[in-house]
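# Understanding the architecture of this molecule
Residues per chain, in single letters:
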Amino acid sequence: MPDLAELNDFIVIAKAETYVGDGERLPSCRSGSHDIGYASGRWRYLDSYFGGTDSAGQELVWHDGEPVWAMNYFGHIVEHDLIDGTRAGMVIKAALLRLYLDERRFLGGFEFEHAYGLYIDENIGDCHHFSGYEAIVVSERRAYELDYRGGLIIP
């Protein structure tokens, strides 16, 4: 079992280097998937998702070649008249960049005001086991939402 603090630190860096940091795209590991990965030392991370504006995906972390952590997610535009996929992506990337680089975490309540909407992330649990909800609010209405859950993989 990897050290949870070390795992948490790796996840934060990997997330910052991949989706948020426009990381290197990898060949699809499943037909039609979009894959982004990151590796450092004994750790490896993969974010593999389907779709775009509305998407479903899974993030995985391996330590010494063994899967140790995973997170699944599904997100979609709720109010197409309030936000589109491009603007939602801009809000999410700006918010997560602040969370990952400035606060050095990926869990815990977080809000970020952006010109295109208010980003909100609420969750319970820790790196061991968690579930959460991400949203973008525009004109006091929920325009985008994403549900996620994950934690340690124990053989």
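An unreviewed UniProt entry lists the protein chain under the name DUF5680 domain-containing protein, from Rhizobium miluonense.

## Structural notes on the environment of Gly132
The residue Gly132 is located in strand β8 (residues 129-138) in this model. Through-space distance from the C-alpha of Gly132 to that of Asp121 is 7.2 Å; in sequence the pair is 11 residues apart. Apart from residues lying up to four places away in sequence, Gly132 is in contact with Glu122, Asn123, Leu146, Asp147 and Tyr148.

## Structural notes on the pattern of salt bridges
Inspection of the entire model under this criterion finds eight salt bridges. The salt bridge partner of Asp102 is Arg98, with a shortest N-O separation of 2.9 Å. Of this pair, Asp102 and Arg98 both sit in helix α2 (residues 85-103), four residues apart, which is roughly one turn of the helix. Judged by relative accessible area, which is 54%, Asp102 ranks as exposed. Salt bridges linked by common partners bring Glu79, Asp81 and Arg141 together as one network.

## Examining the nonpolar core
Counting residues in each nonpolar core, the largest one holds 40 residues, and the members touching the most others are Leu7, Val61, Trp69, Tyr100, Phe106, Tyr119 and Ile136. Listed by contribution, the elements that provide at least two residues to this core are α1 (4-17), β3 (43-51), β5 (66-77), α2, β6 (110-114), β8 and β9 (141-152). Of the residues forming this core, the biggest block, seven residues, is contributed by α2. Not counting the four nearest positions on each side in its chain, Ile136 is found in contact with Ile83, Ala88, Val91, Ile92, Tyr116, Gly117, Leu118, Tyr119, Arg141, Arg142, Ala143 and Tyr144.

## A look at the UniProt feature "domain: DUF5680" (unreviewed entry) in the protein chain
Those places that UniProt annotates as "domain: DUF5680" (unreviewed entry) correspond, in this numbering, to residues 47-153. What you have in residues 47-153 is 18% helix and 59% strand, and the ends, taken at the C-alpha atoms, are 16 Å apart.

Criteria and thresholds
In every chain, residue numbers begin from 1 and rise along the written sequence. Predicted model: local features are reported for residues with pLDDT of at least 70 only, side-chain atom pairs are reported and counted for 80 or more only, and whole-chain, interface and lining totals are derived from all residues. Side-chain numbers here rest on the full set of heavy atoms in the structure, without hydrogens or water. Counting from the N terminus, the helices are the DSSP runs of H or I reaching at least four residues and the strands are the DSSP runs of E reaching at least two. Contacts between residues were defined by any pair of non-hydrogen atoms, one from each residue, lying within 4.5 Å. Each reported salt bridge corresponds to a side-chain nitrogen of Lys or Arg within 4 Å of a carboxyl oxygen of Asp or Glu. Burial classification: accessible surface area is computed with a 1.4 Å probe over protein chains only, and a residue below 20% of its type maximum counts as buried, one above 50% as exposed, and the rest as partly exposed. In these notes, a set of buried Ala, Val, Leu, Ile, Met, Phe, Trp, Tyr and Cys residues joined through side-chain atoms within 4.5 Å is what counts as a nonpolar core. UniProt positions are given in the numbering used here, feature names are shortened, and annotations may be inferred rather than shown by experiment.

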